[in-house]
Amino acid sequence: MQRIVDGLLTLARADAGLLELMHQEVDLSLLLQEAGQEHLGLFHSKDVRMDGDIADELTIMGDADRLKQVMYNLLGNAFKYAPEHSTVHLKAYSQDQHIVIEIGDEGEGITPEHLEHLFERFYRADEARSRDAGGAGLGLAICKRIVEMHDGSITVESEVGKGTTFRIRLPLHGPDPEHAQRLHTVMRQS
């Protein structure tokens, strides 16, 4: 019950523009690696493997705690819906001045009619399964609000029988121009 109240409070504050976000440099590469490491024990309990492919030096301006909340929610969902002896995929890379994060499972997938509603408050694609897993249907709505407050977007792709992938795009905090120039010089000399 406390999680539901906390979730509703977070959404209400976000809607009213009262949810405060820290605005500091966040090493998203490190944050993702730590989140993945912290879930390994949980994944191991169900013999679920984690396949991580996280690029280095992915930095954004934002709130590390709120971003960690998003990653924990998505990794927790991937665990819930990943079958035993399967793999959860965690990938992060830069693309067009954005960081792209993909978290996917090899579970049963979500039917198309449910996909467009997944980020709505209290929405559950499968009432019985969600209730058994302890969800209230707020986690993805909270994730969406936090990502949007970081000037990003979150989408979902799913294929029944093959799994589901959540994709987050966040603005990349520009690299140090001197570092980029040194890298360019070294690459030209190679």
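Because the structure is a prediction, the values reported are computed rather than measured. (Residues numbered from 1 in each chain as written. Predicted model: local features only at pLDDT ≥ 70, side-chain atom pairs only at ≥ 80, totals over all residues. Heavy atoms only, no water.)

Caption draft 1: Quick peek at the pattern of salt bridges. All told, the structure shown has 5 salt bridges when counted by the stated rule. Its salt-bridge partner being Arg145, residue Glu148 comes within 3.7 Å of it at the nearest N-O pair. Of this pair, Glu148 and Arg145 both sit in helix α6 (residues 139–149), 3 residues apart, roughly one helical turn. With its nearest N and O atoms 2.8 Å apart, the salt bridge here joins Arg167 to Glu157. With Arg167 in strand β7 (residues 163–171) and Glu157 in strand β6 (residues 153–159), the pair connects residues that are 10 residues apart, well separated along the chain. On the basis of relative accessibility, which here comes to 45%, the residue Glu157 falls in the partly exposed class. One network of salt bridges, with partners in common, ties together Glu102, Glu157 and Arg167. (Salt bridge = Lys/Arg side-chain N within 4 Å of Asp/Glu carboxyl O. Helix = DSSP H or I, 4+ residues; strand = E, 2+ residues; numbered from the N terminus. Buried < 20%, exposed > 50% of the residue type's maximum accessible area, 1.4 Å probe, protein only.)

Caption draft 2: Summary view of the packing of helix α2 (residues 28–44) against helix α3 (residues 64–81). At a minimum axis distance of 10 Å, the contact between α2 and α3 shows a crossing angle of 35°. α3 is crossed by α2, and the crossing has right-handed handedness. On α3, the residues that touch Leu28, Leu31, Leu32, Glu34, Ala35, Gly36, Glu38, His39, Leu42 and Phe43 of α2 are Ala64, Leu67, Lys68, Met71, Tyr72, Leu75, Gly76 and Phe79. Considered class by class, the residues forming the contact of α2 with α3 number 12 nonpolar, 3 polar and 3 charged. (Axes fitted to C-alpha atoms, helices over the stretch in contact; angles between N-to-C directions. Left-handed = near helix turned anticlockwise from the far one by under 90°. Contact = heavy atoms within 4.5 Å. Nonpolar A, V, L, I, M, F, W, Y, C, P; charged D, E, K, R; others polar.)

Caption draft 3: Up close: a negative patch on the surface. Negative charge collects at one region of the surface, where Glu25, Asp27, Glu34, Glu38, Asp56 and Glu57 lie side by side. For the negative patch, the secondary-structure elements that each account for two or more residues are β1 (24–27) and α2. Mapping Glu34 onto the fold places it in helix α2. (Patch = residues over 30% accessible without salt bridge, like charges linked within 9 Å, V, L, I, M, F, W, Y side chains within 5 Å. Areas by Shrake-Rupley, 256 points an atom, 1.4 Å probe, with all protein chains shown as cover. Lys, Arg positive; Asp, Glu negative; His and termini not counted. Charge placed at Lys NZ, Arg CZ, Asp CG, Glu CD.)

Caption draft 4: Local environment of the packing of α3 against α6. Look at α3 against α6: their axes get within 9 Å of each other, and the N-to-C directions meet at 145°. In this structure, the crossing between α3 and α6 has a hand that is left-handed. Listed contacts from α6 to Arg66, Leu67, Gln69, Val70, Asn73, Leu74 and Asn77 of α3 are Gly139, Leu140, Ile142, Cys143, Ile146 and Val147. Here the contact of α3 with α6 is composed, by residue class, of 8 nonpolar, 4 polar and 1 charged.

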